[in-house]
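The chain contents come next:
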2 protein chains.
Amino acid sequence: MHSTAEENYIKAIYKLSGGGANAVSTTALSETLETKPASVSDMLRKLSAKDLVHYVKYYGVQLTEEGKRVALKIIRKHRLWEVFLVQKLHFTWDEVHEVAEQMEHVKSELLIQRLDEFLGHPRVDPHGDPIPSEAGELRQEEQRVLSSLAVEQKGVVCRVKDSQPAFLQYLNKVGIQIGSQLQVVDKIPYDNSLEISIDKNRSVILSSDVLEKIFVINP
Amino acid sequence: MHSTAEENYIKAIYKLSGGGANAVSTTALSETLETKPASVSDMLRKLSAKDLVHYVKYYGVQLTEEGKRVALKIIRKHRLWEVFLVQKLHFTWDEVHEVAEQMEHVKSELLIQRLDEFLGHPRVDPHGDPIPSEAGELRQEEQRVLSSLAVEQKGVVCRVKDSQPAFLQYLNKVGIQIGSQLQVVDKIPYDNSLEISIDKNRSVILSSDVLEKIFVINP
DNA sequence: AAATAAATTTAGGCAAACCTAAACTTTTAT
DNA sequence: ATAAAAGTTTAGGTTTGCCTAAATTTATTT
Ligand SMILES: [Mn+2]
Ligand SMILES: [Mn+2]
Ligand SMILES: [Mn+2]
Ligand SMILES: [Mn+2]
């Protein structure tokens, strides 16, 4: 298998290239990985020998198909662990990254299959980023702002655009988190607020301010 | 912090020394760690320099107090992850070890605290081995065979002495697993079988054969 | 008490993943 | 079109953790 260092490089290349589209420069990598450019050159030669990247000296790297496959696997693991940490262990969004950065390197197919099952096959991580499928497909699902839903329409919370503690505490209080199943119960035209049911349990009225900060995908 | 290699050595020394009691030989370590004796000598010099072990050339190693503390922390993490894998992800006893061997090296105090909480502060791992407390204390609790309990007495399943699939499947069927809360409801003197309630839910009658294979600790 | 056997350490190397300093390419500015 | 600046690679080191082969120490025989 691949070393932790190799995996971190692959993932960084994937992200900096925008999913494998563009070539990535040595300095860009050295910055995100917090190493020196010389070390990056070193590693790129190795990754190239393993056919994980196309590397043209002085002009940058790109992932090969195999490289992309590896990248998506690591990203899948990273994001599943993030979901676990937030939903099961009650980590906050800003606490998860460092830990997930380590857990993503644990090697076991069974583990990640079972974890996915245990979490109910989540489609987005706590930051609203999509989780690649077991087959390695990453479909960026259409995200709509909650304020745009019509009465009766449903959505699953995938992203919140405000990380101030006060706002997050408010969401916590009303019971909204990433993954919550929402449905618009009623629309109050006076101030554009909506009555929203949460996980088929309670229901609350959310102001248009709040509605603008919550994003959902189709259920 | 300590590297994965160092942590594995510390843990191996702890286990081979029987909790820090006896000195451990280079060859013993090389066997359990699947490295050559020369590599062990190398590492022992390093661990000694870090004051994690007392090392007397040609005569073996022992953990220092600090070394013992480190060992118990790793063992705590290993066993908590084993509980997670079995209870939450439905791994079997024999599937957990390799994965826990990796997860035990993830660094995060918060993670392990929250995991412990999430699992309900378990006291034994799926093999019946005790889980060191957060303070680093390992109390081997008195294990009694289920057949020895009197009517009304309670116990928590901590170990099962038969790993044949047929037996494990039987336990699975009646709903007994490590951590199950049992209470003796009635005693049938005719064949020494017992009626046992499981997790305050259902109750079953277990034959004396089965009772001899299940061990419990005090609730 | 030697001699032999077994266990252990030391010496010298290697690969991974990093580093600094120097050399080389490519880009930008004059 | 050259020169300077910026980016990148190469050369030569370091540390970690492993290896083999040789030397050394301890244990066991005779
Ligand atoms: Mn990582
Ligand atoms: Mn994320
Ligand atoms: Mn381990
Ligand atoms: Mn165990």
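Keep in mind that this is a model prediction, so the values were computed, not measured.

(A) The overall build of chain A, seen in detail. When its secondary structure is counted, chain A shows eight helices and eight strands. When the backbone C-alpha atoms are referred to their principal axes, chain A occupies close to 60 × 35 × 30 Å. Within chain A, buried positions represent 44% of all 219 residues. Of the contacts made within chain A by residues no fewer than 6 positions apart, 58% connect residues no fewer than 24 positions apart.

(B) Representation of the coordination of the manganese ion (ligand 1). Residues and elements named next belong to chain A. In this structure, Asn8 (OD1), Glu101 (O), Glu101 (OE), Glu104 (OE) and His105 (NE2) serve as the protein donors to the manganese ion (ligand 1), at separations of 2.0 to 2.5 Å. In the primary structure, the donors to the manganese ion (ligand 1) are separated according to the pattern N-x92-E-x2-E-H. Its relative accessible area of 23% is what places Glu101 among the partly exposed residues.

(C) How the structure looks around the domain arrangement of chain A. All names here are of chain A. The domain boundaries assigned to chain A delineate domain 1 (4-63), domain 2 (76-138) and domain 3 (144-217). The gap between the C-alpha centroids of domain 1 and domain 2 is 24 Å. Contacts between the two partners involve six residues from domain 1, matched on the other side by seven residues from domain 2. Taken together, the two surfaces of domain 1 and domain 2 that pack against each other cover about 500 Å², and 34% of this comes from carbon and sulfur. Taken as a group, Thr4, Glu7 and Lys11 account for 66% of the area that domain 1 buries against domain 2, more than any other trio of residues on that side.

(D) The coordination of the manganese ion (ligand 3), seen in detail. For the manganese ion (ligand 3), the protein coordination sphere consists of Asn8 of chain B (OD1), Glu101 of chain B (O), Glu101 of chain B (OE), Glu104 of chain B (OE) and His105 of chain B (NE2), at 2.0 to 2.5 Å. We note that the donor set of the manganese ion (ligand 3) lies within a single chain, spaced as N-x92-E-x2-E-H.

(E) Quick peek at the relation of the copies chain B and chain A. Turning chain B through 180° and shifting it by 0.0 Å along the axis lays it on chain A, with an RMSD of 0.2 Å. Here the symmetry operator amounts to a two-fold rotation axis. No C-alpha of chain B approaches the rotation axis more nearly than that of Met103 of chain B, which lies at 3.7 Å.

(F) Focus on the pairing of strand β2 (residues 60-63) of chain A. Here strand β1 (residues 53-56) of chain A runs beside β2 of chain A; their pairing, made up of four bridges, is antiparallel. Across the sheet, Tyr55 of chain A pairs through a bridge with Val61 of chain A, a residue of β2 of chain A.

(G) Quick look at the protein's contact with DNA strand D. Taken together, 21 residues lie near DNA strand D, and Thr27, Ser41, Tyr55 and Lys57 of chain A together with Ser3 of chain B sit nearest. For DNA strand D, the fraction of atoms within 4 Å of the protein that belong to sugar or phosphate moieties is 70%. At a separation of 2.3 Å, a phosphate oxygen of DNA strand D approaches a polar side-chain atom of Tyr55 of chain A. Measuring from a sugar or linking oxygen of DNA strand D, one finds a side-chain N or O atom of Tyr58 of chain B at 3.3 Å. At the level of secondary structure, the elements contributing two or more residues to the surface near DNA strand D comprise α2 (26-33) and α3 (37-49) of chain A together with α1 (4-16) and α3 (37-49) of chain B. No other element matches α3 of chain B, which puts five residues into the surface near DNA strand D.

(H) The interface of chain B and chain A, seen in detail. Taken together, the contact pairs 20 residues of chain B with 20 residues of chain A. Between chain B and chain A, roughly 1,700 Å² of surface is buried when both sides are summed, and carbon and sulfur atoms account for 72% of that area. Seen at the junction of chain B and chain A, the total is zero salt bridges. Our count for the contact surface shared by chain B and chain A stands at six residue pairs in polar contact (both at pLDDT 80 or more). The element that contributes the greatest number of residues to the side of chain B that touches chain A is helix α6 (residues 109-118) of chain B, accounting for five residues. For the side of chain B that touches chain A, the class distribution of residues is 12 nonpolar, four polar and four charged.

(I) View of the sheet that holds strand β5 (residues 181-188) of chain B. All names here are of chain B. The six strands are arranged β3-β8-β4-β5-β6-β7 in an open sheet whose pairing can be described as antiparallel. With one partner strand each, in any of the chains shown, β3 (144-145) and β7 (203-206) form the two edges of the open sheet. Of the strands in this sheet, β4 (154-160), β6 (193-198), β7 and β8 (214-217) are in contact with helix α7 (residues 165-174), which crosses β7 at around 150°.

How each quantity is defined
Residues numbered from 1 in each chain as written. Chains lettered and ligands numbered in written order. Predicted model: local features only at pLDDT ≥ 70, side-chain atom pairs only at ≥ 80, totals over all residues. Heavy atoms only, no water. Helix = DSSP H or I, 4+ residues; strand = E, 2+ residues; numbered from the N terminus. Buried < 20%, exposed > 50% of the residue type's maximum accessible area, 1.4 Å probe, protein only. Contact = heavy atoms within 4.5 Å. Donors = N, O, S within 2.8 Å, 3.2 Å for Na, K, Ca; no water. Domains from an automatic or database assignment. Buried area = accessible area lost by both parts, 1.4 Å probe. Least-squares fit on C-alpha atoms with pLDDT ≥ 70 in both. Pairing = 2+ DSSP bridges. Near = heavy atom within 4 Å. Polar contact = N/O pair within 3.5 Å; in protein donor to acceptor, adjacent residues only side chain to side chain. Salt bridge = Lys/Arg side-chain N within 4 Å of Asp/Glu carboxyl O. Nonpolar A, V, L, I, M, F, W, Y, C, P; charged D, E, K, R; others polar. Axes fitted to C-alpha atoms, helices over the stretch in contact; angles between N-to-C directions.

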